[in-house]
Amino acid sequence: MMRRIVATSLFALLASSAALADHPFILPSNTSLAGDDNVVTFDAAASDHVFFFDHRPVQLASITVTKPDGSTGETYNGMQGRFRSVFDLKLDQQGTWKVASQQSTITGTFKQNGEERRVGPARGGRPAGGGERGAADGPGGGEQPRTGGDAAVANPEGGPRRQPPVAFENVPADATDIHLTERVSKIETFVTQGAPTATVFKPTGKGLELDPITHPNAVVAGETARFRFLIDGKPAAGLKISVIPGGDRYRDDVGEMALTTGADGVVAIRWPAAGMYWLGAEAEDSKPSEKRAENRQMSYAATFEVMTP
Amino acid sequence: MSPTRLALVAGTIIVPASVASAASITVTVPRIDLAEYKKPYVAGWIEPAGGGQARSLFVWYQLRNGGKEPGTKWLSELRSWWRKSGRMMQLPADGVSGATRGPGSYSVALPANLPAGNYVVHVEAAREHGTRELVSVPVTLPAANGRASGKAELGAVVVAAK
């Protein structure tokens, strides 16, 4: 529960390649609480429709909690189902809490003895890269968690098939033509008990981050919120932001607000109505933290509860 | 208006400290015929019309801890008040906190030390298994005068100089 980064997860792979096609989210039951003895429950999933459970769970093991004082909190009653993860959080401090999932994977290709091999989590022989997700969308599709191993060695249908992907750690020393991409996906939400605080927003200076100007638990219908986005601690200028009100399954129009950050990395969001909102952003550059990777893909998603005025 | 004008005529920039001392807000909690009626939580606050720090005038909630869940737990149901003022306060607050009230009309004085200017007085009510309602009354101090009315959880809200 405490690990900040789950090094190899096939879900991160799927999420990062299409973060804005599906919508990873951590959805709290409440974001603004009074008193001092509250429990908040969360759903964590990635879905086609915002805040529905129609695709895959967010890995329960990737969830981290940051308390208002900056220390690490713990969830309980955790359950990872076919479509979602569920967990509870007891608020034993006043202030603003952050509940997040961050996953980092490295995928790509290399050659060994002239043969091309893929790098990525073992996924039953399906090509890494996420472009073939549709095949797994059916009932009981192949997206159940697997505990590593060379799944493609066993081939019930027989016949030729591609070699299974190689885990990044196992890329051989004599590999050539190495082309690797680092993918980092981050999902967050914020909950405030009592007066809002700002400790959990302190930027780490690494990757794509939210640096809110308006407190995320003070967003209101009809008012404009301002959020700054940072990449490696610097303003993320020209970043495309997607904001979608929950419940798009019950309307014809998705209702997406397509926004862009200014030179200062700030995006202004005027919330049209109260409700739960999903925000997503993606960025790509050639500054991976892993030296052997060539580029870096970053995705960020957050859930906001917009209050009545 | 006259105290301010007099002050200006007299060539001083001091705003009289007690311009609003005689103003009060009267809140009507309507009678709602229900078998399981619970008294509403009601909060009132005043904020500058152009935006700025909100100041709580009163909050009526379950002051006495009558069970497992202290009454403070439900204060966030007064959503607007909670965000703008309540969650930054230490509760109970002297002169602000009070017990819930049944149907009737109640008068609360406006603070005496508000500078002259344009304000909005807000009254918000939320009732268990009922609805939430916000009534806003724009007023200009010191000549406080204004009224509005709710439709469900609040009756007339009147701000008036006494």
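Anything mentioned here points back to the structure above.
Before going into details, it helps to say that this report is about the structure given with it. The model shown is predicted, which means the values in this text are computed figures rather than measured ones.

## With respect to the nonpolar core
Residues and elements named next belong to chain A.
Inference 1: If you look at the biggest cluster of nonpolar residues, it comprises 27 residues, and the most contacted ones within it are Phe227, Phe229, Trp271, Leu279 and Phe304.
Inference 2: Elements that contribute at least two residues to this core include exactly strand S12 (208-212), strand S13 (224-231), strand S15 (240-245), strand S17 (266-270), strand S18 (275-285) and strand S19 (295-306).
Inference 3: In terms of residue count, the dominant contributor to this core is S19 (5 residues).

## Concerning the interface of chain B and chain A
Inference 1: Taken residue by residue, the interface counts 12 residues in chain B and 16 residues in chain A.
Inference 2: Both faces considered, chain B and chain A share a buried interface measuring about 1,100 Å² in area, 50% of it formed by carbon and sulfur atoms.
Inference 3: Considering only the surface of chain B that becomes buried against chain A, Trp82(B), Arg83(B) and Arg87(B) emerge as the three largest contributors, covering 52% of it.
Inference 4: Summed over the shared surface of chain B and chain A, the number is 0 salt bridges.
Inference 5: Where chain B touches chain A, the interface holds 5 residue pairs in polar contact (both at pLDDT 80 or more).
Inference 6: Going through the elements one at a time, helix H2 (79-84) and strand S7 (132-141) of chain B are the ones with two or more residues in the side of chain B that touches chain A.
Inference 7: No other element matches H2(B), which puts 4 residues into the side of chain B that touches chain A.
Inference 8: Here the side of chain B that touches chain A is composed, by residue class, of 4 nonpolar, 3 polar and 5 charged.

## Overview of the sheet that holds strand S6 (residues 117-126) of chain B
Residue and element names in this part refer to chain B.
Inference 1: What the 5 strands build is an open sheet, ordered S4-S3-S2-S6-S7; its pairing is mixed. Each having just a single partner strand, strand S4 (97-99) and S7 make up the two edges of the open sheet. Recorded for the sheet is a direction-independent mean angle of 15° between the axes of neighbouring strands.
Inference 2: Relative to S4, strand S3 (residues 55-61) runs parallel, the two sharing 3 bridges. Counted as the bridge partner of tyrosine 61 is alanine 99 from S4.

## Let's talk about the pattern of salt bridges
Inference 1: Enumeration according to the criterion identifies 12 salt bridges over all chains in this entry.
Inference 2: With a closest N to O distance of 3.5 Å, Glu128(B) and Lys38(B) form a salt bridge. Of the two residues, Glu128(B) is situated in the loop between S6 and S7 and Lys38(B) in the loop between strand S1 (23-29) and strand S2 (41-48); the sequence distance between them amounts to 90 residues.
Inference 3: Overall, Glu128(B) belongs to the partly exposed group, its relative accessible area being 46%.
Inference 4: Residues Glu47(B) and Lys84(B) are paired through a salt bridge, measuring 3.3 Å at the closest nitrogen-oxygen approach. Of this pair, Glu47(B) sits in strand S2 while Lys84(B) sits in helix H2, and the two are 37 residues apart along the sequence.
Inference 5: Classification of Glu47(B) as buried rests on a relative accessible area of 10%.
Inference 6: Residue Lys84(B) is classed as partly exposed on the basis of its relative accessible area, which comes to 21%.
Inference 7: Via salt bridges that share partners, Asp232(A), Asp285(A) and Arg296(A) belong to a single interconnected network.

Cut-off values and rules
Residues numbered from 1 in each chain as written. Chains lettered and ligands numbered in written order. Predicted model: local features only at pLDDT ≥ 70, side-chain atom pairs only at ≥ 80, totals over all residues. Heavy atoms only, no water. Core = buried A, V, L, I, M, F, W, Y, C linked by side-chain atoms within 4.5 Å. Buried < 20%, exposed > 50% of the residue type's maximum accessible area, 1.4 Å probe, protein only. Helix = DSSP H or I, 4+ residues; strand = E, 2+ residues; numbered from the N terminus. Contact = heavy atoms within 4.5 Å. Buried area = accessible area lost by both parts, 1.4 Å probe. Salt bridge = Lys/Arg side-chain N within 4 Å of Asp/Glu carboxyl O. Polar contact = N/O pair within 3.5 Å; in protein donor to acceptor, adjacent residues only side chain to side chain. Nonpolar A, V, L, I, M, F, W, Y, C, P; charged D, E, K, R; others polar. Pairing = 2+ DSSP bridges. Axes fitted to C-alpha atoms, helices over the stretch in contact; angles between N-to-C directions.

By themselves, these figures tell us nothing about what the structure is for.
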